[in-house]
Amino acid sequence: MIQTAKRIANVEEYYFSRKLAEVRGLDTPELRVINLGIGSPDQAPSSATIDALIASAKNPAHHGYQNYKGIPAFRQAIADFYRTVYNTTLNPETEILPLMGSKEGIMHIAMAFVNEGEEVLIPNPGYPTYSSVANLVGARLRPYALKESLNWGIDIAELEKSDLSKVKIMWVNFPHMPTGRVASREELKALVDLARKHQFLIVNDNPYSLILNDNPMSILSIEGADEVALELNSLSKSHNMAGWRLGWVAGKKEFIDAVLKVKSNMDSGMFLGLQHAATEALKNGDVWFKELNQVYRQRKQVALQLLDALGCTYADQSGLFVWAKAPDRIADVEKWIDEILYGTKVFITPGFIFGEAGRRYIRVSLCCTETMLKEALERVKNFLKTAKV
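Residues numbered from 1 in each chain as written. Predicted model: local features only at pLDDT ≥ 70, side-chain atom pairs only at ≥ 80, totals over all residues. Heavy atoms only, no water.

The name given to the chain in an unreviewed UniProt entry is Aminotransferase, and the organism recorded there is Dawidia soli. What UniProt states about the chain under its Sequence similarities (unreviewed entry) heading is, verbatim, "Belongs to the class-I pyridoxal-phosphate-dependent aminotransferase family." (UniProt positions renumbered as here; feature names shortened; annotations may be inferred.)

And the structure:
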C-alpha cells in the first residue's frame, strides 16, 4: 500500500471543505439552506472591473503565460492603493508581488523562511491555515492568545517574557478574523519592536481593512517595519472578488525576492485579463466603498438581532463577520450549532475551528442578503419556541 507523506499526518481537510458538503446535502427546493458560515462576498465587483476583464479577455494576444511578478500596471495600482488608503509608500518594482489570492502567500512565505523545527507564532483564535501551513513545513506551532479581557488584543508583555529565540515567523491578522479586533498604531508598533528585538519575521494578513473599519492601517506604515515585516492583502473581501483569486504580498525587496523563489516554481503567472481587471478594481473610489459598507451595516443590524435571539453576547467589531459568545447554558457549542443547522437549515460557524480560545464562540457572516438574514432570524425564532436547547 502506498503511504502518504508524513507532512500531512497532522493536517486535516479544511473544516469548510468538509462541512459545506454536509450543508449542501441538506439543501432542498422546498427549504434552502441559509449559509451564514463563510466570508464569500455575494455582491459583484465594480462594473468597471468587469468591463476591464471582458475587454482584455477578448484580445487574442492576452491568453499566454505572463510574467511571474505581474504586469507593471497592476503593481503600480497596488502601490497607488497603499499610498491612498494606508499612507504607505511602496516601490512597485521591488516591494510588491501579486499572488493568486493571499492564501497561497501564507504557504509561499512559510516555505521561503521557515526551516523544519523552527517556531511559528499562531494567533488563538485565528485563521486555521496558519497552523496547517506550519505543520506542512515541519514547523513547531506556538499559539499565542488573543484575550477577551483585552478586547481580543495581544498580551505583548506576556509574549516578551517567553523564550522567543527559536521563533521565525509571527502571524498577525488585523483587522482580526474571527473577532473583528482592530489594532491601534501603538499595538502594531509594539509588535514590530518585538520582532526587531528578537529578529523574527512578522506577517500581517490584512484583507479586512476596508470593511466596516474607519481607520484602515498597514503594518508597513509603522516605523521599523521595513526591517522585519511582510503584509498580505487581497481583493477578495474589500472588492467583492473572492473567486477571482487576486492578492499580493508587500515588503522589502529581499523578502519579496525570497517569496518569488518559491512562487515562480509553483505557477506560471496570472491571467492577463485578471490583472487588467484588478488594476481597474484598485481605482474604486470612496463612494463605492461607502455604498458597500452601508449594505454591510444594514445586514449587521439583522445579524445582531439573530444573535440576540440566540442569547449570545458580542462587542463592537470590524470586518465581514460578527463574533459572539454562546450563552452559558450551552454545554457544547459545536453540537448546538448542528442542532440549529438541522432544525432550521441555517448554518453558523462554530468558533472551535479557530482554536481552543474560540470554543465558546460562534461567527456569523454578513455575506448574505438582508432578506435572507431576516429569513434566518425568523427560522431561528420559530425553532427556539419548540427546541430543547
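Now, onward.
Asks: I tried to follow unusual backbone geometry on my own but got confused; where do I start?
Replies: Across residues other than glycine, the phi torsion is negative in most instances, and most of the peptide bonds are trans. The amide bond that connects Asn124 to the next residue, Pro125, takes the cis arrangement and shows omega of 5°. In this fold, Pro125 is placed in the loop between β3 (119-124) and α5 (128-136). The residue Leu212 is not glycine, and still its phi comes out positive at about 50°. Using a relative accessible area of 16% as the deciding quantity, one classes Leu212 as buried. (Helix = DSSP H or I, 4+ residues; strand = E, 2+ residues; numbered from the N terminus. Buried < 20%, exposed > 50% of the residue type's maximum accessible area, 1.4 Å probe, protein only.)

Asks: I would appreciate a short explanation of the packing of helix α1 (residues 15-25) against helix α12 (residues 333-344) in the present structure.
Replies: When two helices pack together, their arrangement is captured by the angle between the axes and the distance separating the axes. Taken N-terminus to C-terminus, the directions of α1 and α12 make an angle of 30°; their axes are 10 Å apart at the nearest point. Between α1 and α12, the angle falls in the class roughly parallel. In terms of crossing hand, the pair formed by α1 and α12 is right-handed. Residue-level inspection shows Lys19, Glu22 and Val23 of α1 in contact with α12, the latter providing Asp338, Leu341 and Tyr342. Looking at side-chain class alone, the contact of α1 with α12 contains 3 nonpolar, no polar and 3 charged residues. (Axes fitted to C-alpha atoms, helices over the stretch in contact; angles between N-to-C directions. Parallel < 35°, antiparallel > 145°, perpendicular 65-115°, else oblique. Left-handed = near helix turned anticlockwise from the far one by under 90°. Contact = heavy atoms within 4.5 Å. Nonpolar A, V, L, I, M, F, W, Y, C, P; charged D, E, K, R; others polar.)

Asks: For this particular structure, what's the right way to read helix α3 (residues 72-86)?
Replies: With 15 residues, α3 should cover 21 Å at 1.5 Å per step; its first-to-last C-alpha distance of 20 Å lies within 8% of that length. Phe74, Arg75, Ala77, Ile78, Ala79, Phe81, Tyr82 and Tyr86 are the residues of α3 that are buried. Residues of α3 that are buried make contact with β2 (96-99), β8 (229-234), β9 (247-251) and α10 (272-281). (Expected span 1.5 Å × (residues − 1).)

Asks: I tried to follow the packing of helix α4 (residues 102-113) against helix α9 (residues 253-263) on my own but got confused; where do I start?
Replies: Close contact between α4 and α9 brings their axes to 8 Å; oriented N to C, the two are set at 105°. Classed by the angle they form, the pair α4 and α9 counts as roughly perpendicular. Contacts between α4 and α9 involve Glu104, His108, Ile109, Met111, Ala112 and Phe113 on the former and, on the latter, Phe255, Ala258, Val259, Val262 and Lys263. Looking at the contact of α4 with α9 residue by residue, the class counts come to 8 nonpolar, 1 polar and 2 charged.

Asks: What am I meant to see in α4 here?
Replies: An α-helical turn contains 3.6 residues, so a residue and the one three or four places further along point in the same direction. With 12 residues, α4 extends 17 Å from end C-alpha to end C-alpha; this agrees with the ideal 16 Å at 1.5 Å per step. When we look at burial in α4, the residues that qualify are Ser102, Glu104, Gly105, Ile106, His108, Ile109, Ala110 and Phe113.

Asks: Quick question: what am I supposed to make of the UniProt feature "domain: Aminotransferase class I/classII large" (unreviewed entry) in the chain here?
Replies: Here, the residues flagged by UniProt with the feature "domain: Aminotransferase class I/classII large" (unreviewed entry) are residues 33-380. Helix and strand shares over residues 33-380 are 40% and 18% respectively, and the end C-alpha atoms of the span are 13 Å apart.

Asks: What exactly am I supposed to notice about the sheet that holds strand β10 (residues 313-314) here?
Replies: As a general point, the strands of a sheet are linked pairwise by backbone hydrogen bonds and lie either parallel or antiparallel. The strand order across the open sheet built from 5 strands is β1-β12-β13-β11-β10, with neighbouring strands paired in mixed fashion. With one partner strand each, in any of the chains shown, β1 (34-36) and β10 form the two edges of the open sheet. The sheet contact formed by β10 and strand β11 (residues 321-325) spans 2 bridges and is antiparallel. Note that in β11 the partner of Tyr314 across the bridge is Ala324. Against the sheet, helix α11 (residues 286-310) contacts β1, β10, β11, β12 (346-350) and β13 (361-365), and its axis sits at roughly 20° relative to β11. The strands touched by α12 are β12 and β13; relative to β12, the strand with the most contacts, the crossing angle is about 170°. (Pairing = 2+ DSSP bridges.)

Asks: For this particular structure, what's the right way to read the nonpolar core?
Replies: The nonpolar side chains of soluble globular proteins are, as a tendency, buried together. Ranked by internal contacts, the top residues of the largest apolar core, which has 129 residues, are Ile109, Ile154, Met170, Trp171, Leu230, Trp336 and Ile362. Take this core: its biggest share by element is 10 residues, from α11. With near-sequence residues (within four places) excluded, Ile362 lies in contact with Leu307, Leu310, Cys312, Val322, Trp323, Ala324, Val333, Trp336, Ile337, Ile348, Thr349 and Gly351. (Core = buried A, V, L, I, M, F, W, Y, C linked by side-chain atoms within 4.5 Å.)

Asks: I tried to follow the pattern of salt bridges on my own but got confused; where do I start?
Replies: If the charged atoms of two oppositely charged side chains come close together, the side chains can form a pair. The tally for this structure, following the rule as stated, stands at 22 salt bridges. We note a salt bridge from Lys168 to Glu118, for which the minimum N-O separation is 3.3 Å. Remark: Glu118 occurs in the loop between α4 and β3 and Lys168 occurs in strand β6 (residues 167-172); sequence separation between them is 50 residues. Here Lys168 falls in the partly exposed class, since its relative accessible area comes to 25%. A salt bridge links Lys197 to Glu160; the shortest N-O distance between them is 3.4 Å. Here Lys197 is found in helix α7 (residues 185-198), whereas its partner Glu160 is found in helix α6 (residues 156-161), with 37 residues between them in sequence. Among the residues examined, Lys197 registers a relative accessible area of 57% and is labelled exposed. Given a relative accessible area of 31%, Glu160 falls into the partly exposed group. One salt-bridge network, in which partners are shared between bridges, spans Lys69, Arg75 and Glu93. (Salt bridge = Lys/Arg side-chain N within 4 Å of Asp/Glu carboxyl O.)

Asks: Can you walk me through the environment of His63 in this structure?
Replies: Within the secondary structure, His63 is located in the loop between α2 (47-57) and α3. Separated by 21 residues in the primary sequence, His63 and Thr84 place their C-alpha atoms 31 Å from one another. Apart from residues lying up to four places away in sequence, His63 is in contact with Ala57 and Phe271.

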